[in-house]
Amino acid sequence: MFMREAIRLSLENMRAGKGGPFGAVVVKDGNIIARGFNQVTSTNDPTAHAEVTAIREACKILGSFQLSGCELYTSCEPCPMCLGAIYWARPDKVYYANTKQDAADIGFDDDFIYQELTIDYADRSIPFAQIQREEALVAFQEWANKEDKVEY
C-alpha cells in the first residue's frame, strides 16, 4: 500500500514533467504523513530528489529534524545524497522498489559518486582544496563551547 503510493507519485510526476521517475512517502503510525517526488528539473534544484523532498516535508509536519518512529518507502534504492539525508533523518526503516542498477540502466548512474569518495581530493573530477581552516575553526570552537546548542 505505501510502496504503491511512492510508485504512483513517481509515475504521476514524471508524466507531468516535474522530474525524474522517483517517488517517496514517509509513514508514521501506519499513516502517510509526507509525500515526495523528484523535482530536480521543475525547480532547478539538484537536491530535490524524492526522498529529500519527503524527508523535508515530514520533518516540517513533525516539527523535528529526525524521523524516529517513521518508515520511508521509496520507489528506488537511494542515491548517495539521499542515503546521507536518510541517515541524518534517522527513520526506523527504509523500503525500496527499483535498485540502483535499475536506475543506472535508464541513465541515473550514481556509481561514479561512490568511486569519487575513494579518490584523493585533488584527483577528483571536481577538485577540492582546503583553504582558511584557522578562520573557519572559530565557528567550530564556539559551537563546542555553546551551552544552549541543540545537539543533532
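Residues numbered from 1 in each chain as written. Predicted model: local features only at pLDDT ≥ 70, side-chain atom pairs only at ≥ 80, totals over all residues. Heavy atoms only, no water.

Asks: Any chance you could explain the environment of Asp-105 here in plain terms?
Replies: Within the secondary structure, Asp-105 is located in helix 5 (residues 100–105). Take Asp-105: its relative accessible area is 54%, and that puts it in the exposed class. At a separation of 2.7 Å, a polar atom in the side chain of Asp-105 contacts the side chain of Gln-101. (Helix = DSSP H or I, 4+ residues; strand = E, 2+ residues; numbered from the N terminus. Buried < 20%, exposed > 50% of the residue type's maximum accessible area, 1.4 Å probe, protein only. Polar contact = N/O pair within 3.5 Å; in protein donor to acceptor, adjacent residues only side chain to side chain.)

Asks: Just to check I follow, could you spell out the packing of helix 3 (residues 50–62) against helix 4 (residues 80–89) for this structure?
Replies: At a closest axis distance of 9 Å, the pairing of helix 3 and helix 4 adopts a crossing angle of 25°. The orientation of helix 3 with respect to helix 4, classified from their angle, is roughly parallel. Two packed elements cross with a definite hand, and for helix 3 against helix 4 that hand is left-handed. For the pair helix 3 and helix 4, contact is made by Glu-51, Val-52 and Ile-55 and by Met-81, Cys-82, Ala-85, Ile-86 and Ala-89, respectively. (Axes fitted to C-alpha atoms, helices over the stretch in contact; angles between N-to-C directions. Parallel < 35°, antiparallel > 145°, perpendicular 65-115°, else oblique. Left-handed = near helix turned anticlockwise from the far one by under 90°. Contact = heavy atoms within 4.5 Å.)

Asks: Honestly, the packing of aromatic side chains in this entry has me stumped. Any pointers?
Replies: Aromatic rings considered in pairs are described by the distance between their centres and by the relative angle of their planes. Throughout the structure, instances matching the rule amount to five aromatic pairs. Arranged with centres 4.9 Å apart and planes meeting at 90°, the rings of Phe-22 and Phe-108 form a pair that is edge-to-face. With Phe-22 in the loop between helix 1 (2–15) and strand 1 (23–28) and Phe-108 in the loop between helix 5 and helix 6 (111–116), the pair connects residues that are 86 residues apart, well separated along the chain. The class of Phe-22 is buried, set by a relative accessible area of 14%. Ring centres of Phe-65 and Tyr-152 lie 5.9 Å apart, and the angle between their planes is 70°; on these two criteria the pair is classed as edge-to-face. Taken together, the residues Phe-65 in the loop between helix 3 and strand 3 (70–76) and Tyr-152 in the segment after helix 7 (133–145) connect sequence positions 87 residues apart. By relative accessible area, which is 62% here, Tyr-152 ends up exposed. (Phe/Tyr/Trp six-rings, centres within 6.5 Å; stacked < 30°, edge-to-face > 60°.)

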